[in-house]
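Examination of the molecular architecture
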Amino acid sequence: LVVNGNYTVQDHEHTIIYETAATRTITLPTVSGSNVGRVINVRKKVKPGVMNIASADGYLDGVFPGDTATIRWDNSGPGSAQFQSDGTSWMMLFASGSYIFAS
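Counting restarts for each chain: residues are numbered from 1 in the order of the written sequence. For this predicted model, a pLDDT threshold of at least 70 governs which residues receive local features, and a threshold of 80 or more governs which side-chain atom pairs are given and counted, while totals over whole chains, interfaces and linings are taken from all residues. Neither water nor hydrogens contribute to the side-chain values; these are computed over all heavy atoms in the structure.

1. Let's talk about the pairing of strand E5 (residues 39–44)
Residue exposure (1.4 Å probe, protein chains only): buried if accessible area is under 20% of the type maximum, exposed if over 50%, otherwise partly exposed. Secondary structure elements are defined from DSSP: runs of H or I of at least 4 residues count as helices, runs of E of at least 2 residues count as strands, and each element is numbered from the N terminus. Side chains Ile-40, Val-42 and Lys-44 of E5 all project onto a buried face; the interleaved residues Val-39, Asn-41 and Arg-43 project onto a face where none is buried. Pairs of strands are assigned from DSSP output, requiring at least two bridges between the strands. When strand E3 (residues 15–18) meets E5, the two strands line up parallel, connected through four bridges. Within E5, the position partnered with Thr-15 by the bridge is Asn-41.

Shown next as structure tokens:
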């Protein structure tokens, strides 16, 4: 699915491609329930553009629960990541490009 604005990943989606030269946030769904074991791929295809990855319930690898921090890919170029829910957090299994943990 190609997205150009802020977007919350839906139940039936597994790959999101961010394709806008602006700052946008992709929000992963809750980590529990039917999402346990689920894998979601996210790709930032454009430069410039800032892609933030957040979690609907705040449980994101490297980010404390309830924190407002995100994982951010900056203007320097494309990048991608793969996340999997372990039932407690969205764990980042793979990432490429220039990214940081941002608040």
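2. Topic: the pattern of salt bridges
The working definition used for a salt bridge is a side-chain nitrogen of Lys or Arg within 4 Å of a carboxyl oxygen of Asp or Glu. This structure, assessed with the given rule, holds one salt bridge. A salt bridge links Lys-45 to Glu-19, with the shortest nitrogen-to-oxygen separation between them at 3.4 Å. A residue pair is termed long-range when its members are at least 10 positions apart, and Lys-45 in the loop between E5 and strand E6 (50–55) and Glu-19 in the loop between E3 and strand E4 (23–28) qualify at 26 residues. Judged by relative accessible area, Lys-45 falls into the partly exposed class, the value being 43%. Since its relative accessible area comes to 31%, Glu-19 is described here as partly exposed.

3. Here's the deal with the environment of Gln-82
Locating Gln-82 in the fold gives a position in strand E8 (residues 79–85). Looking at Gln-82, the relative accessible area reads 26%, which means it is partly exposed. Non-local contacts of Gln-82, meaning those with residues more than four positions away in its chain, are made with Val-39, Ile-40, Asn-41, Met-91, Met-92, Leu-93 and Phe-94. Throughout, a residue-residue contact means that at least one pair of heavy atoms, one from each residue, lies within 4.5 Å.

4. Points about unusual backbone geometry
Of note, the bond from Lys-47 into Pro-48 is cis; its omega dihedral lies within 30 degrees of zero at 0°. For Pro-48, the location among the structural elements is in the loop between E5 and E6.

5. Section: the nonpolar core
Among the buried residues, those of types Ala, Val, Leu, Ile, Met, Phe, Trp, Tyr and Cys that are joined through side-chain atoms within 4.5 Å form a nonpolar core. Core analysis: the largest hydrophobic core is formed by 19 residues, its most contacted members being Ile-26, Leu-28, Ile-53 and Phe-83. Those elements that place two or more of their residues in this core are E3, E4, E5, E6, strand E7 (70–73), E8 and strand E9 (90–96). Those residues within four positions of Leu-28 in sequence are excluded, and the remaining contacts are Val-9, Ile-40, Ile-53, Ala-54, Ser-55, Ala-56, Leu-60, Phe-83 and Trp-90.

The values are spatial; any link to function lies outside them.
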